[in-house]
Every structure is written in C-alpha cells, then in structure tokens.
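# Residue-level structure breakdown
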Amino acid sequence: ALPIYHLKEDARASKEFDAFVTAHAKDPFNEWAWAYLGDSQRHLQKYNDAIRSLNKSLDLFPKGRMADEARFGLAESNLALKKTDEALKIYRQLANNETSGRAASAQLQIGNILFGKGAYRDAATEYLLIEKKFSKSGYAAVASLNAGFSYYQLGDYGKALAQFDKAEAEPSQAITSA
C-alpha cells in the first residue's frame, strides 16, 4: 500500500491500508498503516474518516514514529472542517516540540490561521517565532514574507519592508518579495 500512497493514488491506498489494519490488528506495521490511512482519507477530503483513523493511530502509538505526522494530519483535517480552535491547539502542541519534524510547518500554519482571521499582529508574532526557533528550516523565508504581509496589513510599512528585505535575501522567495 505504501508505494501506492507515494504515487498519490489515494483512493486505492486508502482501501489497501484499511484492509491491512482490519486483517492485521496486532501487526507492528499498523504504526504506519493507521497514519497513512488517515492521510490518504484526508487527501480524498474524507476528513471525518481521516480524523477517526489518525486518532486511532495516536491511541495505539502516542509516541510512535508516525505520531507527529498523525497529529499534523489531524490538525489539517480539523482545519478543513472549519474546526479552527481544535486545529490551532494541535498545531501549537507540535510547534512547541522543537524536536518534531513538523514543528516549523505547524508554526507557519498558526500564523496562516491568524492572518486569515485578520489577527495580523498575532500572525506577525507567530511568523517571527519561526525565525527564532526554526531559522534553519525551509519555512524561515516564507515566514519573513508573511510577517511582512502582516505588518503591511497593519499599516506598519517600515516593519513590512524590513521583513520583505529578509525574504528577498532568500533566493527561493526573491520573486515574491520584490
């Protein structure tokens, strides 16, 4: 099922992962199967099913190797269902665990949600945390750019320009910040 998942054949992958967890309830590979099942369901926009599968993954393997991926998918599924407060809670848990491979992307999502709500000052604060906590991540330049947009919305053009300049220094963001 995993190769099918990586080929982005989510409908087929979802069926195969579901069949696997049903037929092999005690198999140690369920640590991956439940998480990938939930992620496949999320890609298919079956968010309630994804939430059930990802919660099952976390119930069975709360500290497993796929736990942070399951949490991130759970947050994304809640966000898609407009359960913003629940999504924010999960993103904050991930962002506060700086050893998580999903911490920086969760931090970015926090800023994005707040920006979408029009809470531009709070969004800028969250974006700037990426520079402080995750400066080596690929999200640092995007965070600078988004902080610039937040400051721009607040009418603080000096701070906006400073953030745009930071983003422009990163080649991957130069075109969007110029």
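Preceding this paragraph is the structure being described.
Everything in this summary refers to the structure shown in the same document.

What counts, and at which threshold
- Residues numbered from 1 in each chain as written.
- Predicted model: local features only at pLDDT ≥ 70, side-chain atom pairs only at ≥ 80, totals over all residues.
- Heavy atoms only, no water.
- Helix = DSSP H or I, 4+ residues; strand = E, 2+ residues; numbered from the N terminus.
- Buried < 20%, exposed > 50% of the residue type's maximum accessible area, 1.4 Å probe, protein only.
- Contact = heavy atoms within 4.5 Å.
- Areas by Shrake-Rupley, 256 points an atom, 1.4 Å probe, with all protein chains shown as cover.
- Lys, Arg positive; Asp, Glu negative; His and termini not counted.
- Charge placed at Lys NZ, Arg CZ, Asp CG, Glu CD.
- Salt bridge = Lys/Arg side-chain N within 4 Å of Asp/Glu carboxyl O.
- Core = buried A, V, L, I, M, F, W, Y, C linked by side-chain atoms within 4.5 Å.
- Phe/Tyr/Trp six-rings, centres within 6.5 Å; stacked < 30°, edge-to-face > 60°.
- Axes fitted to C-alpha atoms, helices over the stretch in contact; angles between N-to-C directions.
- Parallel < 35°, antiparallel > 145°, perpendicular 65-115°, else oblique.
- Left-handed = near helix turned anticlockwise from the far one by under 90°.

## Examining the overall build of the chain
For the chain, the count of helices and strands is 11 helices and 0 strands. Tracing the chain from N to C terminus, the helices and strands come up as α-α-α-α-α-α-α-α-α-α-α. In terms of its C-alpha atoms, the chain occupies a principal-axis envelope of roughly 60 × 30 × 25 Å. Evaluated residue by residue, the chain yields a buried proportion of 43% over its 178 residues. For the chain, contacts bridging at least 24 residues in sequence account for 42% of all contacts bridging at least 6. Just so you have it, the chain exposes about 9,700 Å², and 53% of that area is on carbon and sulfur atoms. Charged side chains of the chain number 23 positive and 22 negative; the gap between the two group centres comes to 4 Å.

## Considerations on the pattern of salt bridges
Considering all chains together, one arrives at 10 salt bridges under this definition. Two residues, Arg12 and Glu9, come together in a salt bridge whose shortest N-O distance is 2.9 Å. The partner of Glu16 in a salt bridge is Arg12, with the nearest N and O atoms 3.9 Å apart. Remark: Arg12 and Glu16 occur in helix α2 (residues 10-23); sequence separation between them is 4 residues, near one turn of the helix. Through salt bridges with shared partners, one network takes in Glu9, Arg12 and Glu16.

## Some thoughts on the nonpolar core
If you look at the biggest cluster of nonpolar residues, it comprises 28 residues, and the most contacted ones within it are Leu74, Tyr91, Ala106, Ile110 and Tyr127. Elements with a minimum of two residues in this core: α4 (47-60), α5 (67-80), α6 (84-95), α7 (103-116), α8 (120-133) and α9 (140-154). Considering every element that reaches this core, the biggest residue donor is α7, with 7 residues. When near neighbours in sequence (up to four residues on either side) are disregarded, Ile110 contacts Leu88, Tyr91, Arg92, Ala95 and Glu126. The next biggest cluster of nonpolar side chains, apart from the first, holds 11 residues, and it includes Ala13, Phe17, Ala33 and Ala35.

## Examining the packing of aromatic side chains
Counting across every chain of the model gives 8 aromatic pairs. Centre to centre, the rings of Phe17 and Tyr36 are 5.7 Å apart; their planes meet at 15°, and the pair counts as stacked. Of this pair, Phe17 sits in helix α2 while Tyr36 sits in helix α3 (residues 30-43), and the two are 19 residues apart along the sequence. A single burial state applies to Phe17 and to Tyr36, both of which are buried. A connected cluster of aromatic rings, assembled from ring pairs, spans Tyr5, Phe17 and Tyr36.

## Digging into the environment of Leu88
Here Leu88 lies in helix α6. Not counting chain neighbours up to four residues away, the residues in contact with Leu88 comprise Ile110, Ile113 and Lys117.

## Side note on unusual backbone geometry
Although it is not a glycine, Gln45 sits at a positive phi angle of roughly 65°. Its place among the elements puts Gln45 in the loop between α3 and α4. Despite not being glycine, Lys82 shows a phi value in the positive range, around 65°. Residue Lys82 is classed as exposed on the basis of its relative accessible area of 70%.

## Concerning the side chain of Asn78
Along the chain, Asn78 turns up in helix α5. By relative accessible area, Asn78 is classed as buried at 5%. Once residues lying within four places of it in the same chain are set aside, the contact partners of Asn78 are Ile51, Lys83, Glu86, Ala87 and Ile90.

## Quick look at the packing of α7 against α8
Viewed as axis vectors pointing N to C, α7 and α8 meet at an angle of 165°, and their least axial separation amounts to 7 Å. On the basis of the axis angle, α7 is roughly antiparallel to α8. In the crossing of α7 with α8, the sense of the turn from one axis to the other is left-handed. Residues Ala104, Gln107, Leu108, Ile110, Gly111, Asn112, Leu114 and Phe115 of α7 pack against Tyr120, Asp122, Ala123, Glu126, Tyr127, Leu129, Ile130 and Lys133 of α8.

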